Amino acid sequence: MNYALVTGASRGIGRAIAIELSKSGYAVLINYLAGRQAAEETKSMIEQQGGVADLLQFNVADKQEVDTALTAWTDTHPNDFIAVLVNNAGIRQDALMIFMQDEQWSNVIDTNLNSVFHVTRKVLKDMLSKRFGRIINVVSLSGLKGLPGQTNYSAAKAGVIGATKALAQEVAARKVTVNAVAPGFIDTDMTKDIDENTLKTMIPVGRFGKPEEVAAVVAFLTSEHAAYITGEVISVNGGLYT
Ligand code: NAP
């Protein structure tokens, strides 16, 4: 069976991506950190629409946990294949650099950037030998233009954009594509402390985006129609660039 592994799929954008990829015919591996109940809800939503989903808990920031969980999954699923990887799990811990603590820097770099290396490296070998794969990294407008108060997060997301472009060139000949999707402000738990009414005047479309609007682009990038798109960053931001 062909699986899509979506990190951070218990809530928000990751949940919407998991549901959309299930509609595309993939069995879905729902990764999460601590939100087991929310992850179970994502699983039920997929099953209600006739899809297949399993939970796979691990901390994307912890190399050992990633290795252990994915090795165990591969050993128990010798006939299955992770054909799609969506590196979506992410956190923000904003502070002006002058006030930023060591942990705020390292937590955000570990969860948003180092995670991409840990998880991608584990699934890539199989994609290369099967000569098919779709890797989509969820980055951010913050990684494209930089946002004040987010030097940690902007650095992490910009790092993922660089890795996306480099890896795309390494693996293109094996029909593995690697792209990034860069949301602007999307209505999820991550943005619940941000006042939409104040910010929406700056967004040309005049509102925050929905997780489903990001998921639709991810699903397109996994499709056969997107076989000639690689190393690309696609913004989903309502026209908000500067
Ligand atoms: P969210 O609602 O806060 O959900 C975050 C998800 O990531 C949850 O499923 C959470 O799992 C998981 N997660 C966090 N740390 C993890 C870890 N160490 N290991 C495994 N899973 C972990 O966030 P979101 O808004 O959907 O954001 C999803 C992605 O989009 C992130 O990469 C974010 O940076 C990016 N993004 C979001 C926006 C926005 O406006 N919302 C804009 C640009 C980019 P638990 O439930 O277990 O905690």
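Okay, so let's go over this structure. (Residues numbered from 1 in each chain as written. Predicted model: local features only at pLDDT ≥ 70, side-chain atom pairs only at ≥ 80, totals over all residues. Heavy atoms only, no water.)

**Observations concerning the overall build of the protein chain**
Then step 1. A count of helical and extended segments in the protein chain gives eight helices and seven strands.
Then step 2. A compact globule built from 242 residues should have a C-alpha radius of gyration of about 18 Å, and the protein chain, at 17 Å, falls within 12% of that.
Then step 3. Classification of the 242 residues of the protein chain by burial places 50% in the buried group.
Then step 4. Of the contacts formed within the protein chain by residues at least 6 apart in sequence, a portion of 71% connects residues at least 24 apart.
Then step 5. Carbon and sulfur atoms make up 54% of the accessible area of the protein chain, which totals about 11,600 Å².
Then step 6. On the protein chain, the mean spot of the 22 positive side-chain charges and the mean spot of the 25 negative ones are 6 Å from each other. (Helix = DSSP H or I, 4+ residues; strand = E, 2+ residues; numbered from the N terminus. Rg over C-alpha atoms; globule rule 2.2 N^0.38 Å. Buried < 20%, exposed > 50% of the residue type's maximum accessible area, 1.4 Å probe, protein only. Contact = heavy atoms within 4.5 Å. Areas by Shrake-Rupley, 256 points an atom, 1.4 Å probe, with all protein chains shown as cover. Lys, Arg positive; Asp, Glu negative; His and termini not counted. Charge placed at Lys NZ, Arg CZ, Asp CG, Glu CD.)

**What about the site of the ligand?**
Then step 1. The ligand sits among 32 residues. The nearest are Ser10, Ala34, Asn88, Tyr153 and Thr188.
Then step 2. Contacts to the ligand include glycine 184, whose backbone N or O atom sits 3.3 Å from an oxygen atom.
Then step 3. Backbone polar atom of isoleucine 186 to an oxygen atom of the ligand: 2.8 Å apart, as the coordinates give it.
Then step 4. About the coverage of the ligand: the protein hides 94% of its 910 Å² of free accessible area.
Then step 5. Of all the secondary-structure elements, those providing two or more residues to the shell around the ligand are α1 (12-23), β2 (27-32) and α6 (151-171).
Then step 6. For the shell around the ligand, the class distribution of residues is 16 nonpolar, 13 polar and three charged. (Near = heavy atom within 4 Å. Polar contact = N/O pair within 3.5 Å; in protein donor to acceptor, adjacent residues only side chain to side chain. Nonpolar A, V, L, I, M, F, W, Y, C, P; charged D, E, K, R; others polar.)

**Details of the sheet that holds strand β7 (residues 233-236)**
Then step 1. Pairing is parallel in the open sheet, where seven strands are placed in the order β3-β2-β1-β4-β5-β6-β7. Edge positions in the sheet fall to β3 (53-57) and β7, since each has one partner strand and no second. Averaged over all pairs of adjacent strands, the angle between strand axes in this sheet comes to 25°, irrespective of strand direction.
Then step 2. Where strand β1 (residues 2-6) lies against strand β4 (residues 81-87), five bridges are found, and the strand directions are parallel. If you follow alanine 4 over to β4, its bridge partner there is valine 84.
Then step 3. Each of β1, β2, β3 and β4 touches helix α3 (residues 63-76); the most contacted strand, β3, lies at about 145° to it.
Then step 4. Strands in contact with helix α4 (residues 102-130) are β1, β4, β5 (133-138) and β6 (176-183); relative to β4, the strand with the most contacts, it is inclined by about 150°. (Pairing = 2+ DSSP bridges. Axes fitted to C-alpha atoms, helices over the stretch in contact; angles between N-to-C directions.)

**Overview of the environment of alanine 227**
Then step 1. Its location among the elements puts alanine 227 in the loop between α8 (211-222) and β7.
Then step 2. Placed 95 residues apart in sequence, alanine 227 and phenylalanine 132 show a C-alpha to C-alpha distance of 9.9 Å.

**As for unusual backbone geometry**
Then step 1. Of note, the phi angle at arginine 131 is positive, near 55°, even though the residue is not glycine.
Then step 2. Relative to the helices and strands, arginine 131 resides in the loop between α4 and β5.
Then step 3. With a phi close to 65°, lysine 175 is a non-glycine residue in the positive phi region.
Then step 4. Tracing the backbone through its elements, the reader meets lysine 175 in the loop between α6 and β6.
Then step 5. Using a relative accessible area of 57% as the deciding quantity, one classes lysine 175 as exposed.

**Considerations on the packing of α3 against α4**
Then step 1. Where α3 contacts α4, the axes come no closer than 9 Å and their chain directions differ by 25°. The pairing of α3 with α4 is recorded here as roughly parallel in orientation. The way α3 lies across α4 gives a crossing that is right-handed. Residues Lys63, Val66, Asp67, Leu70 and Thr71 of α3 pack against His118, Val119, Arg121, Lys122 and Val123 of α4.
Then step 2. For the contact of α3 with α4, the per-class residue count stands at four nonpolar, two polar and four charged. (Parallel < 35°, antiparallel > 145°, perpendicular 65-115°, else oblique. Left-handed = near helix turned anticlockwise from the far one by under 90°.)

**Notes on the packing of aromatic side chains**
Then step 1. Taken as a whole and assessed by the stated rule, the structure comprises two aromatic pairs.
Then step 2. With a centroid separation of 5.5 Å and 15° between ring planes, the pair formed by phenylalanine 185 and phenylalanine 208 is classed as stacked. Highlighted residues: phenylalanine 185 in the loop between β6 and α7 (196-199) and phenylalanine 208 in the loop between α7 and α8, separated in sequence by 23 residues. Considered together, phenylalanine 185 and phenylalanine 208 belong to a single accessibility category, that of buried residues. (Phe/Tyr/Trp six-rings, centres within 6.5 Å; stacked < 30°, edge-to-face > 60°.)

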